Amino acid sequence: MPRLGLLPRRAFAALLSQLLRPPRTACVRALGGHSQIAEAMVTSQLKPHQEKPSFIIKTPRGTRDLSPQEMVVREKILDMVISCFKRHGAKGLDTPAFELKEVLMEKYNEQSGLIYDLEDQGGELLSLRYDLTVPFARYLAMNKLKKMKRYQVGKVWRRESPTMVQGRYREFYQCDFDIAGQFDPMIPDAECLKIMCEILSGLQLGDFLIKVNDRRIVDGVFAVCGVPESKFHTICASMDKLDKISWKGVRHEMVAQKGLAPEVADRIGDYVQHHGGVSLVEQMLQDPRLSQNKQALEGLESLKLLFEYLTLFGITEKISFDLSLARGLDYYTGVIYEAVLLQTPAQVGEEPFNVGSVAAGGRYDELVATFDPKGHKVPCVGLSIGVERIFHIVEQRIKTSGEKVRTTETQVFVATPQKNFLRQRLKLIAELWDAGIKAEMLYKNNPKLLTQLHYCENTGIPWVVIIGEQEQKEGVIKLRSVATREEEAIKREHLVAEIQKRLSQS
């Protein structure tokens, strides 16, 4: 090695730098053997300008972002739904977005294939919840609860082919109301139907009809028509598609895909054509075949009692006993129901819509027992509002009408016509906030007055308070109506009270 003292200055600096730089393997050892981290560090040093991989920025299929305008519409709808649930005495509940996989399996019949499984992380096998009903039943069993009236609003996930033009998604909200406990027959069931009527009437979506049936009647029909008991669930799943495809298509599925005898399918077809009111219940009670089936008789007697209570609630004109209704989920054991909007001719400029059912539910008396070690039953009945489809309808109508949606609730804007009034504006807006008044101001030291007033007009803020040199000298604040552009001088100490008074009148 040459003597360092004889090297030129630049050569000496380069040699010293090389001697002090640790080798690459030393970097790995210094990182405690984490070679992947070291590799990443070395690679990033070697390629500081490496291009990022290009990909399409989008939301996953079957999902979507919600704009501020859409959020305003949704919050109003959810507030109306939840206020109805609370009016009927329900308590709020929340459960995890995912459950143990075994909790969800075998609860949804053929629809179990639509459940999203989460990747095994070396611990529990988990799945995203498919609905809010099964988690509620698990909650009751886990906490040994025998009675509860609850509501829950939350997202659920289903791995089905989305048709977003009809408000169907893979990720969507459900709003559920359920009554758990042993009570006299049909009283809770009737209240659930009353709640559905209240919500759908309150949302003013148009005319609607609630189809009602009973799973015992469905099973009774299958039995008297000759369906093998082992095929009840799978044939019920086919029948549940009658709101989407014709009887011809459903019959083909029953016969060609599920091996049902054609004459048996035809006998089922004779029954599913019937729909009506309590008179149809009476007619079915006299049916020579159904009247010989114990399950069907129990279901029909329950519906007869249900219609008595619905008459007292004054909602029978919205209810139809429909023998085609099946509700394909395995856990239903008694009364089932489903609300549909009646198709009306589209208004000028409005696209025809077909979103299917907008609410559904039924009785499930044995689901809680599947989670209880001793098999104790907790009878339950409930409903689910299809808010995603309702959102879609309302959003389309707003779009068609050109209605402007306010995205904030700001009541007062704090403005100034002069420079160097930031401190006065901050002090004033703090007083408004402390008094519970919703207020805004521009985040600029010296904004132009015209810019501030235009902001209020564009965002729909109804009132402006203006503070400037003249107002400060006189001890007043100008209160301006954005709609009329009229201004009034208010004493500084009376400003909050005056604003609150005017807001209460509007």
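The name an unreviewed UniProt entry assigns to the protein is histidine--tRNA ligase, from the organism Chinchilla lanigera. A UniProt comment under Catalytic activity (unreviewed entry) is attached to the protein, and it reads "tRNA(His) + L-histidine + ATP = L-histidyl-tRNA(His) + AMP + diphosphate + H(+)".

A. Looking closely at the sheet that holds strand β15 (residues 476-481). Within the open sheet, the 5 strands sit side by side as β13-β12-β14-β15-β16. Their pairing is mixed. In the strand order of this sheet, the two ends are held by β13 (439-440) and β16 (487-491), each with one partner. Two elements, strand β14 (residues 463-466) and β15, share 4 bridges in a ladder whose sense is antiparallel. Following the sheet pairing, W463 is matched in β15 by S481.

B. Focus on the pairing of strand β6 (residues 208-214). Within β6, 6 of the 7 residues are buried, which leaves the element mostly enclosed by the surrounding structure. For β6 and strand β9 (residues 335-341), the ladder comprises 7 bridges, and the chain directions are antiparallel. Among the inter-strand pairings, I210 is bridged to a residue of β9, identified as A339. Note that β6 and strand β8 (residues 319-322) share 3 bridges and pair parallel. Note on β8: the bridge partner recorded for K211 is S320.

C. The confidence of the model for the protein, seen in detail. The predicted model of the protein has a mean per-residue pLDDT of 87, with 85% of residues at 70 or higher. Predicted confidence is poor over residues 1-7, with pLDDT under 50, and the contacts of this stretch with residues over four places away or in other chains come to 5 contacts. Note on residues 22-44: pLDDT is under 50 here. Beyond four places in sequence and across chains, it has 9 contacts.

D. Structural detail: the packing of helix α8 (residues 215-225) against helix α11 (residues 262-272). Between α8 and α11, the least distance of the axes is 9 Å, while the angle of their chain directions is 140 degrees. In terms of orientation, α8 and α11 fall into the oblique class. In the packing of α8 onto α11, the handedness of the crossing is right-handed. Where α8 approaches α11, its residues V221, F222, V224 and C225 are matched on the opposing element by V264, R267, I268 and Y271.

E. Fine view of helix α6 (residues 133-142). Among the 10 residues in α6, 8 count as buried, and that is most of the element. Those residues of α6 not exposed but buried are T133, V134, P135, F136, A137, R138, L140 and A141. Against β2 (98-100), α5 (101-104), β4 (148-157), β5 (171-180) and β11 (380-385) lie the buried residues of α6. Backbone geometry just downstream of α6 places K144 in the positive-phi region, at approximately 55 degrees.

F. Inspection of the pattern of salt bridges at higher detail. For the structure shown, the criterion picks out 29 salt bridges. Of the charged contacts in the structure, one is a salt bridge between R480 and E487, with a shortest N-O distance of 2.9 Å. Through salt bridges with shared partners, one network takes in R64, E70, R74, E388 and E395.

G. Local environment of the sheet that holds strand β7 (residues 275-276). A sheet is described by the order of its strands in space; here 9 strands give the open sequence β1-β4-β5-β11-β10-β9-β6-β8-β7, paired in mixed fashion. Across the chains shown, the open sheet's two edge strands, defined by having one partner strand only, are β1 (91-92) and β7. Both strand β10 (residues 357-363) and β11 contribute to a ladder of 5 bridges, which runs antiparallel. Residue pairing in the sheet places A360 in a bridge with S384 of β11. Relative to the sheet, helix α7 (residues 187-202) contacts β4, β5, β6, β9, β10 and β11, its axis offset from that of β11 by approximately 10 degrees.

H. Expanded view of empty space enclosed by the protein. Under the criterion given, the structure shown has 1 cavity of 30 Å³ or more. Of the volumes computed, that of the largest cavity is approximately 30 Å³. If you go around the largest cavity, the residues you meet are L453, C456, E457, R480, V482 and R485. No other element matches helix α16 (residues 449-459), which puts 3 residues into the lining of the largest cavity. A class-by-class count of the residues in the lining of the largest cavity yields 3 nonpolar, no polar and 3 charged.

Definitions and cut-offs
Position numbers for residues start from 1 in each chain and track the written sequence from start to end. In view of the model being predicted, local features appear only for residues whose pLDDT reaches at least 70, and side-chain atom pairs are presented and counted only at 80 or more, with totals across whole chains, interfaces and linings using the full set of residues. Side-chain calculation: all heavy atoms of the structure are included, whereas hydrogens and water are not. UniProt positions are given in the numbering used here, feature names are shortened, and annotations may be inferred rather than shown by experiment. When DSSP finds two or more bridges between two strands, those strands count as paired. Helix and strand definitions here come from DSSP, where helices need a minimum of 4 consecutive H or I residues and strands a minimum of 2 consecutive E residues; each element is numbered from the N-terminal end. Residue burial is assigned from relative accessible area. The probe radius is 1.4 Å, only protein chains are included, and a residue is buried under 20% of its type maximum, exposed over 50%, and partly exposed in between. pLDDT is a residue-level measure of predictor confidence that goes from 0 to 100. Whether two residues touch is decided by their heavy atoms; if any such pair falls within 4.5 Å, the residues are in contact. Fitted lines through C-alpha atoms serve as axes, helices being fitted only where they are in contact, and the angles separating the N-to-C directions of these axes extend from 0 to 180 degrees. Here is the rule for angles: anything less than 35 degrees is roughly parallel, anything more than 145 is roughly antiparallel, 65 through 115 is roughly perpendicular, and the remaining ranges are oblique. Each helix crossing is assigned a hand: it is left-handed if the near helix lies turned anticlockwise from the far helix by less than a right angle, otherwise right-handed if that turn is clockwise. Take a side-chain nitrogen of Lys or Arg and a carboxyl oxygen of Asp or Glu: if they are within 4 Å of each other, that pair is a salt bridge. Points on a 1 Å grid, built from protein atoms alone, make a cavity when a 1.4 Å probe fits but cannot get out and make a pocket when they are open with protein on both sides within 12 Å along at least 5 of 7 lines; residues with an atom within 4 Å of a point are the lining residues. Grid points are joined across faces, edges and corners, and a volume is the space filled by probe spheres set on the points. Ten residues, namely Ala, Val, Leu, Ile, Met, Phe, Trp, Tyr, Cys and Pro, are considered nonpolar, four, namely Asp, Glu, Lys and Arg, are considered charged, and the remaining ones, Gly among them, are considered polar.

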